[in-house]
Amino acid sequence: MKNVALILKYEGSAYHGWQVQKNAVSVAQTMEKAVSMVVGHPVHVTGCGRTDAGVHAKHYLANFRTDSKIPLDRLPYALNTHLPEDIVVIEAFQVQDAFNAIGSCRAKEYTYLIYNSRIRDPFYVNRAWFYPKHLDEQVMQKAADCFVGTHDFAAVRSVGTDVKSTVRTVYHFNVERRGDLILCRICANGFLYNMCRAMVGTVIYAAEGKFPPEAVAEILAGKNRTAAGPTAPAGGLYMTQLWYDDGKDVFHVGSSDFC
């Protein structure tokens, strides 16, 4: 059997996240149904991360195993005929047998969108956090800088999946304004449950003056979730970039150009 990787994108509003759920529709469940129909046998599709309910992906990677003879360059077209309009497979290619979409991933980037205007835009409903109070992106960046590096991120983690350690390394947290849109790009070697959204909520609190931006370092050191900012809504979050290295395959998926 060959190990096949898929690059896909999805608008996550209709799904209860990536992971298969017993009583809710997920992206993984929808993908497995479509892949099974195309290759002619049951498959398990492994995703690069457990995106939460309502979270989107501009670039997402998953892998599965098959003995199907369908040419890989034709596989995306076949799959897209069996997928709903809010999930699209962009590319399919063969990877090393040991490759695993989540285990071989070395870094991920999420981008969070904030629509910062006094009047909402209906085209950003469930796609950006509408925030009518003006935010100073320079203050947000000062707060964001405190997250960069290797830290214990327990202060920006919601109770959820058990993990052995809450220590992670954040490679960058960049805040950029484009008119009424504020883009928050966060890249790390891994994310805790709701970590990215809590980081965004924390830099917003700093911009609102609830605490100075440099206080974020103390909040992290204190490991107290209630001291940090709120968890930003799921609809503004997108998976945007992935970096892979399983010892044989080294490649990058995605782009820093969100729009």
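Rules of the game
Residues numbered from 1 in each chain as written. Predicted model: local features only at pLDDT ≥ 70, side-chain atom pairs only at ≥ 80, totals over all residues. Heavy atoms only, no water. 1 Å grid on protein atoms, 1.4 Å probe; cavity = no way out; pocket = protein on both sides within 12 Å on 5 of 7 lines; lining within 4 Å. Points joined across faces, edges and corners; volume = space filled by probe spheres on them. Helix = DSSP H or I, 4+ residues; strand = E, 2+ residues; numbered from the N terminus. Nonpolar A, V, L, I, M, F, W, Y, C, P; charged D, E, K, R; others polar. Axes fitted to C-alpha atoms, helices over the stretch in contact; angles between N-to-C directions. Parallel < 35°, antiparallel > 145°, perpendicular 65-115°, else oblique. Left-handed = near helix turned anticlockwise from the far one by under 90°. Contact = heavy atoms within 4.5 Å. Buried < 20%, exposed > 50% of the residue type's maximum accessible area, 1.4 Å probe, protein only. Polar contact = N/O pair within 3.5 Å; in protein donor to acceptor, adjacent residues only side chain to side chain.

Here's the deal with the layout of surface pockets
Thought 1: Estimated volume of the second largest pocket: approximately 170 Å³.
Thought 2: Secondary structure elements with two or more residues in the lining of the second largest pocket: β1 (2-10), β3 (56-66) and β4 (87-95).
Thought 3: Top element by residues in the lining of the second largest pocket is β3. It accounts for 3 residues.
Thought 4: Considering only residue class, the lining of the second largest pocket consists of 6 nonpolar, 1 polar and 5 charged.

Brief notes about the packing of helix α3 (residues 137-145) against helix α4 (residues 195-207)
Thought 1: At a closest axis distance of 8 Å, the pairing of α3 and α4 adopts a crossing angle of 130°. Relative to α4, the element α3 is oriented oblique. Between α3 and α4 lies a crossing whose hand is right-handed. Mapping the contact onto sequence places Val139, Met140, Ala143 and Ala144 in α3 and Val203, Ile204, Ala206 and Ala207 in α4.
Thought 2: Partitioned by chemical class, the residues of the contact of α3 with α4 number 8 nonpolar, no polar and no charged.

What about the side chain of Thr240?
Thought 1: Relative to the assigned elements, Thr240 resides in strand β10 (residues 237-245).
Thought 2: Its relative accessible area of 2% is what places Thr240 among the buried residues.
Thought 3: Separated by 2.7 Å, the side chains of Thr240 and Glu109 make a polar contact.
Thought 4: Engagement of the side chain of Thr240 in a polar contact is seen with the side chain of Thr111, the distance being 3.1 Å.

Thoughts on the environment of Val39
Thought 1: Structurally, the position occupied by Val39 is in helix α1 (residues 27-39).
Thought 2: For Val39, a relative accessible area of 12% translates into the label buried.
Thought 3: Considering only alpha carbons, one finds Val39 and Ala57, 18 residues apart in sequence, at a separation of 24 Å.

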